[in-house]
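What follows is the residue order along each chain.
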Amino acid sequence: MPSLLALTAILLHYAHGPYWIGYNFDPDYLYLINSLALSEFKQTLTTGNPGTTLQMLGAMIMHIVHFLNYSSLGNLENSVLSKPENYLLIINIVLISFITMMLFIIGYVAFSLTNNILFSLILQLSPFLSNGMLTQGYLHVSPESLLLFSSLLFITILIKIMHCKNGCQLPALNLYYIALPIVCGFGMATKLTFAPFILIPLFVLPDLKNKILFLILTLLSFVFWTYPIIPQYGNLLNWYYKIITHKGYYGLGSSGWVDIDTYFRNLFYLLSADPLCFLIILFSAGFIAKTVWFSAKRKRAWQDVSFRILLAVVVAQLFGILVCAKHPSDRYLIPVFSLSGFTL
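What you see is a predicted model; the values in this text were computed from it and never measured.

### Focus: the packing of helix α13 (residues 260-273) against helix α16 (residues 305-324)
Then, number 1: Running from N to C, α13 and α16 point in directions that differ by 125°, and their axes come no closer than 9 Å. Regarding the angle of α13 to α16, the classification is oblique. Residues Y263, L267 and L270 of α13 touch α16, and the partners they reach there are I321, L322 and C324.

Given below as structure tokens:
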């Protein structure tokens, strides 16, 4: 599956063409310029995503590439502006390499814990189940690639939790307990469409103290990964407030949360855009409902960490879809749809 993913990315990129062509330049060149500014320790403009993790990664890659290959072109700024397509291509290759590596790791971890090759392969199907992941996750230098990486890492942690001993009563300093908020903070700093993932540990962690500590550590992780734009937190929060309280895109339009008629049309659009992922979610939700309301073993199911994780994942997916229906786009659903292989 990792090899198939790499081959798919190569073929899609070949068909996609250079980044400067028409629609291809957005948001790639925006992140290129922001990464360049960050590499020179200048204040970057927030993209609103926030997107700082991609900018930091881009800045590091720029320094390494410039040192190894393009130092003859002068300083880093001249090098990047002289060869922008080369830098974008290298950043994209690194992003795809991260996803490919994570796909191998999730398959290896699943197989080592369960000795079930089918389960491992199904998990590795996650990046192929959504049109949005294929068209947005592999082609652009954009947050979507890092979101997919973060989602796969999060799923790997969930698998480890499902198969840990003693009913997954995680102590405060357990590795999984620390890893979950780090990944959640990283994902939300990449793009706030990762926020539904916060709901999953709140279902899984065993007591209120651990849940509160998880939220605190997630906040600290988010602040760490968004450090370059801390001075812009006020503008960022004001923009998010406008998005919530206005009906139009990007905080525009009349006041109010949603237009009801438009909202249900948007839901239908999302359903038709990725029917396979919706069917998987619907099937999982039906299984949960059957277990909770009609199964004689429902009390035992609530004590099973695997069932609680499945419930939490489906709730997070449904929440993400309902929020996204206000401003529908397949790229906004990449994080929650990347969980489909896990629920399948």
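### Notes on a nonpolar patch on the surface
Then, number 1: A cluster of nonpolar side chains, namely M1, L4, L7, L11, F111, I117, L118 and L121, defines an oily patch on the protein surface of about 720 Å² accessible area.
Then, number 2: Those elements giving two or more residues to the nonpolar patch turn out to be α1 (2-16) and α6 (117-124).
Then, number 3: Counting through the fold element by element, L121 comes out in helix α6.
Then, number 4: Judged by its relative accessible area of 35%, L121 falls in the partly exposed class.

### Examining the packing of aromatic side chains
Any aromatic ring pair is given by two values, namely how distant the centres are and how the planes are angled relative to each other.
Then, number 1: The full count for this structure, using the stated rule, is 10 aromatic pairs.
Then, number 2: Between F104 and Y108, the aromatic rings sit 6.3 Å apart at their centres with planes inclined by 15°, giving stacked as the arrangement. Here Y108 and F104 lie together in helix α5 (residues 84-114), a separation of 4 residues that amounts to about one turn. As far as the burial class goes, F104 and Y108 line up, both exposed.
Then, number 3: Pairing F194 with F197 gives two aromatic rings, centres 4.0 Å apart and planes at 15°, and the pair type is stacked.
Then, number 4: Residue F194 is classed as buried on the basis of its relative accessible area of 0%.
Then, number 5: The class for F197 is buried, based on a relative accessible area of 0%.
Then, number 6: These aromatic residues form a ring-pair network of at least three members: F154, F194 and F197.

### Overview of the nonpolar core
Then, number 1: Y138, F154, I161, I200, I309, F337 and F342 are the most contacted members of the largest nonpolar core, which has 68 residues in total.
Then, number 2: With 11 residues, α16 is the single largest residue contributor to this core.
Then, number 3: Of all hydrophobic cores here, the second largest spans 18 residues; its members include L32, L36, L54 and L146.

### Digging into unusual backbone geometry
Then, number 1: Positive phi values are uncommon outside glycine, yet N115 reaches one of about 55°.
Then, number 2: Among the secondary structure elements, N115 is positioned in the loop between α5 and α6.
Then, number 3: Judged by relative accessible area, which is 62%, N115 ranks as exposed.

### Some remarks on the environment of L30
Then, number 1: Considering the arrangement of structural elements, one finds L30 in helix α2 (residues 28-39).
Then, number 2: In this structure L30 comes out as partly exposed when scored by relative accessible area, which is 43%.

### Thoughts on the packing of helix α9 (residues 175-190) against helix α11 (residues 208-225)
Then, number 1: Packing of α9 against α11 brings their axes to within 7 Å, and their N-to-C directions diverge by 40°. Relative to α11, the element α9 lies oblique. The hand of the α9/α11 crossing is right-handed. Within the contact between the two elements, α9 uses Y177, L180, P181, I182, C184, G185, F186, M188 and A189 and α11 uses K209, N210, L213, F214, L217, T218, S221, F222 and W225.

### What about the pattern of salt bridges?
Then, number 1: Summed over the entire model, instances satisfying the criterion amount to 1 salt bridge.
Then, number 2: Of the charged contacts in the structure, one is a salt bridge between E144 and K191, with a shortest N-O distance of 2.6 Å. Taken together, the residues E144 in helix α8 (residues 143-162) and K191 in the loop between α9 and α10 (199-204) connect sequence positions 47 residues apart. This pair shows no difference in class: E144 is buried, exactly as K191 is.

### Details of the confidence of the model for the protein
Then, number 1: Looking at the protein as a whole, its pLDDT mean stands at 82, while 91% of the residues score no less than 70.
Then, number 2: Confidence, expressed as mean pLDDT per element, reaches its minimum in the protein at helix α15 (residues 298-303) with 66 and its maximum at α11 with 91.

### Quick notes on α11
Then, number 1: Helix length check: α11, at 18 residues, gives a terminal C-alpha distance of 26 Å against a target of 26 Å (1.5 Å per residue), a fit within 8%.
Then, number 2: All of the buried residues along α11 are N210, K211, F214, T218, S221 and F222. All buried residues of α11 lie within an arc of 115° about the axis, which places them on one face of the element. Every exposed residue of α11 that faces more than 90 degrees away from the buried side is listed here: L208, K209, L219, L220 and F224.
Then, number 3: By the N-cap criterion, in which a side-chain oxygen at the helix start approaches the backbone nitrogen of a residue two or three places on, α11 is capped by D207, the distance to K209 being 3.3 Å.

### A few points about the side chain of S284
Then, number 1: Turning to its location among the elements, S284 is positioned in helix α14 (residues 275-294).
Then, number 2: When its relative accessible area of 2% is taken as the criterion, S284 is described as buried.
Then, number 3: Setting aside residues up to four positions removed in sequence, S284 forms contacts with L310, V314 and T343.

### Considering α1
Then, number 1: Helix length check: α1 (15 residues) gives 21 Å between terminal C-alpha atoms against 21 Å at 1.5 Å per residue, within 8%.
Then, number 2: Every buried residue of α1 is accounted for by P2, L5, T8, A9, H13 and H16. All buried residues of α1 project into a common sector of 130° when viewed along the axis, lining one side. Of the exposed residues in α1, the ones pointing more than 90 degrees away from its buried face are S3, I10, L11, Y14 and A15.
Then, number 3: Looking at the buried residues of α1, the elements they touch are α5, α6 and α7 (131-136).
Then, number 4: Once α1 finishes, G17 follows within two positions and takes phi at roughly 85°, a positive value.

Rules used throughout
- Residues numbered from 1 in each chain as written.
- Predicted model: local features only at pLDDT ≥ 70, side-chain atom pairs only at ≥ 80, totals over all residues.
- Heavy atoms only, no water.
- Axes fitted to C-alpha atoms, helices over the stretch in contact; angles between N-to-C directions.
- Helix = DSSP H or I, 4+ residues; strand = E, 2+ residues; numbered from the N terminus.
- Parallel < 35°, antiparallel > 145°, perpendicular 65-115°, else oblique.
- Contact = heavy atoms within 4.5 Å.
- Patch = residues over 30% accessible without salt bridge, like charges linked within 9 Å, V, L, I, M, F, W, Y side chains within 5 Å.
- Areas by Shrake-Rupley, 256 points an atom, 1.4 Å probe, with all protein chains shown as cover.
- Salt bridge = Lys/Arg side-chain N within 4 Å of Asp/Glu carboxyl O.
- Buried < 20%, exposed > 50% of the residue type's maximum accessible area, 1.4 Å probe, protein only.
- Phe/Tyr/Trp six-rings, centres within 6.5 Å; stacked < 30°, edge-to-face > 60°.
- Core = buried A, V, L, I, M, F, W, Y, C linked by side-chain atoms within 4.5 Å.
- Left-handed = near helix turned anticlockwise from the far one by under 90°.
- pLDDT = per-residue confidence, 0-100.
- Expected span 1.5 Å × (residues − 1).
- Arc of directions from axis to C-beta.
- Polar contact = N/O pair within 3.5 Å; in protein donor to acceptor, adjacent residues only side chain to side chain.

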